[in-house]
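# Observations on the model geometry
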Amino acid sequence: MSAGPSLHSMHGVEKERPRSRAQRIAYYIPLSLLMVAVIVMSVIGVGTRQADRAATAQQREEALAQASQQSSLPGSCISEDFAAHSPEIWTGERNAESEAEFAAHPEVFGMRVEGRDGFEFWGDEQSANFSQALGRAPWLDDQLGQWLAYFSELDEKLAEDDRELVIVVAPAKWELYREKLPEWADELQGETHLEQFLERSGDLPIVDVRGAMQAAKQDAPVYSAVNTHWNPYGAYAAWKQTVSCASDLYPDSVWPQVEVPEPAGITMATAPNEFTPYGNSATVEDWATPVLPESEPVQSTITGADGTAQEGPSDGTVGLLDMPARTESSSGAGRALIMRDSTGEALAPVWAQAFEQTCQARHNLDYPDQRPDIVAQASECDADTVLYVFTERYFAQVPPTLPKG
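Below or above, wherever it landed, is the structure these notes cover. These numbers were taken from a predicted model, which means no experiment stands behind them. (Residues numbered from 1 in each chain as written. Predicted model: local features only at pLDDT ≥ 70, side-chain atom pairs only at ≥ 80, totals over all residues. Heavy atoms only, no water.)

As a further point, take helix H6 (residues 142–160). Its 19 residues place the ends of H6 27 Å apart at the C-alpha level, agreeing with the 27 Å of an ideal helix rising 1.5 Å per residue. Listed as buried for H6 are Leu144, Gly145, Trp147, Leu148, Ala149, Tyr150, Phe151, Ser152, Leu154 and Leu158. (Helix = DSSP H or I, 4+ residues; strand = E, 2+ residues; numbered from the N terminus. Expected span 1.5 Å × (residues − 1). Buried < 20%, exposed > 50% of the residue type's maximum accessible area, 1.4 Å probe, protein only.)

Now the structure itself:
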């Protein structure tokens, strides 16, 4: 076992000649230069971060200064019959009274809130759903500006590569069935995130599909009483308006070539009840599906988490856990990158027929550390267009940003 340095070596150190003053100064020069470099890089880093923050702030301000969507897009892209709700219910003098009424119903903080006529809504334990339904969690301007700036930058980046962006916010069930919310909530309905988003979206290519769904609702349900996803009929109504809007926005693109077949009727089936684990086991036959013409089989490929690919369903069905996925159809037009979540399941077979090729991937708005580089994915898929479809409740998440560089 070693007992440390020998006495001989220690004595050797003691016997070394003392360094001259010049030698001592020279010894510290590299260290001094390193410290100076660190300080310079720190200053540059701080300056860069400050410049980035200033640029981001300016971008947000410019986004918030945009005019309403209603004044800048074709009529096929907007919905005029939806009056905006007042933000004062949750931000003004009424706030304390509103909060007291909200707190008087403790179920809102859980998973399930019972509405009227058997309708069920998610509570705040699920992405602050009920607070979002009533506009109780207002963004104020900062976060709204971040969402707008993100989509503005994404639109610009895609346009540089001659690709179009089409944004569809799948409206939450409460937007189309406000009359089914609990009676006590009638006087607490404030301005929602979607209303704020549309009010300041300017010329962003956003399709407000509420109007098409409201019209379709006169013939059949567009949402089930016991499920928060739009049913296939509601999704189809939204898709029809999406194609109309995108064709008007981009008349020289692939969109005017996309065919939207007319349904021969509507079938009704038992809805998947999302609320069974939370005390509602009702069987409700309000899952409306349009009867579309028989279509040719499509080729689809599902890529697993380990990167292995396998053949997917011939009808083009792509579930949430099946992505990333690709579909090919000889009868479709153009190539689309579709960023989506589970709300896209109702439309996946329709998309598979509409486009010659689709690449479908999760936007991961609910997983900020896993959000994809959409511009890069569009290039990889050689997409003509990017369709970005996300459920309204995801507005509760931290706004996305584009990768630097």
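Structure's up, so let's keep going.
As for its position among the elements, Gly265 is in strand E5 (residues 265–269). By relative accessible area, which is 24% here, Gly265 ends up partly exposed. Remark: the alpha-carbon pair of Gly265 and Leu292, spanning 27 residues in sequence, is separated by 7.9 Å.

Here we come to the sheet that holds strand E12 (residues 385–391). Read from one edge of the open sheet, eight strands run E4-E3-E12-E10-E11-E9-E7-E8, paired in mixed fashion. Sheet topology places strand E4 (206–207) and strand E8 (309–311) at the edges, where each strand pairs with a single neighbour. For strand E7 (residues 299–303) and strand E9 (residues 325–328), the ladder comprises four bridges, and the chain directions are antiparallel. Within E9, the position partnered with Gln299 by the bridge is Glu328. Lying over the sheet, H6 contacts strand E3 (164–170) and E12, oriented at roughly 160° with respect to E12. (Pairing = 2+ DSSP bridges. Contact = heavy atoms within 4.5 Å. Axes fitted to C-alpha atoms, helices over the stretch in contact; angles between N-to-C directions.)

Right, let's get into the packing of aromatic side chains. Counted under the stated rule, the structure contains 23 aromatic pairs. Geometrically, the ring pair formed by Phe130 and Trp184 is tilted, given 5.9 Å between the ring centres and 45° between the ring planes. Taken together, the positions of Phe130 in helix H5 (residues 129–134) and Trp184 in the loop between helix H7 (173–176) and helix H8 (193–199) put the pair 54 residues apart, joining distant regions of the chain. You'll find Phe130 and Trp184 in the same group, each marked buried. An aromatic cluster of three or more residues is present, and its members are Trp139, Trp147, Tyr150, Phe151, Phe197, Tyr388, Phe390 and Phe395. A cation sits over an aromatic face here: Lys217 above Tyr177, 4.4 Å from the ring centre. (Phe/Tyr/Trp six-rings, centres within 6.5 Å; stacked < 30°, edge-to-face > 60°. Lys NZ or Arg CZ within 6 Å of the ring centre and 35° of its normal.)

With that settled, consider the pattern of salt bridges. Summed over all chains, the structure comprises 15 salt bridges. In this structure, a network of salt bridges that share partners links the residues Glu99, Asp124 and Arg136. (Salt bridge = Lys/Arg side-chain N within 4 Å of Asp/Glu carboxyl O.)

It is worth spelling out the nonpolar core at this point. The biggest cluster of nonpolar side chains holds 59 residues, and the ones touching the most others in it are Phe130, Trp230, Trp239, Trp255 and Leu387. With eight residues, the single largest contributor to this core is helix H10 (residues 232–249). Those residues within four positions of Phe130 in sequence are excluded, and the remaining contacts are Phe102, Val108, Val113, Phe121, Trp122, Gly123, Asp124, Leu181, Pro182 and Trp184. Among the nonpolar cores identified, the runner-up in size contains 32 residues, and Leu194, Phe197, Leu337 and Val386 belong to it. (Core = buried A, V, L, I, M, F, W, Y, C linked by side-chain atoms within 4.5 Å.)

What follows covers the state of the cysteines. Evaluation of the coordinates by the stated rule reveals two disulfides. Between the sulfur atoms of Cys77 and its disulfide mate Cys245 the distance is 2.0 Å. The chirality of the disulfide connecting Cys77 with Cys245 is right-handed, given an S-S dihedral of about 95°. Of this pair, Cys77 sits in the loop between helix H2 (21–64) and helix H3 (88–91) while Cys245 sits in helix H10, placing them 168 residues apart in sequence. (Disulfide = S-S within 2.5 Å.)

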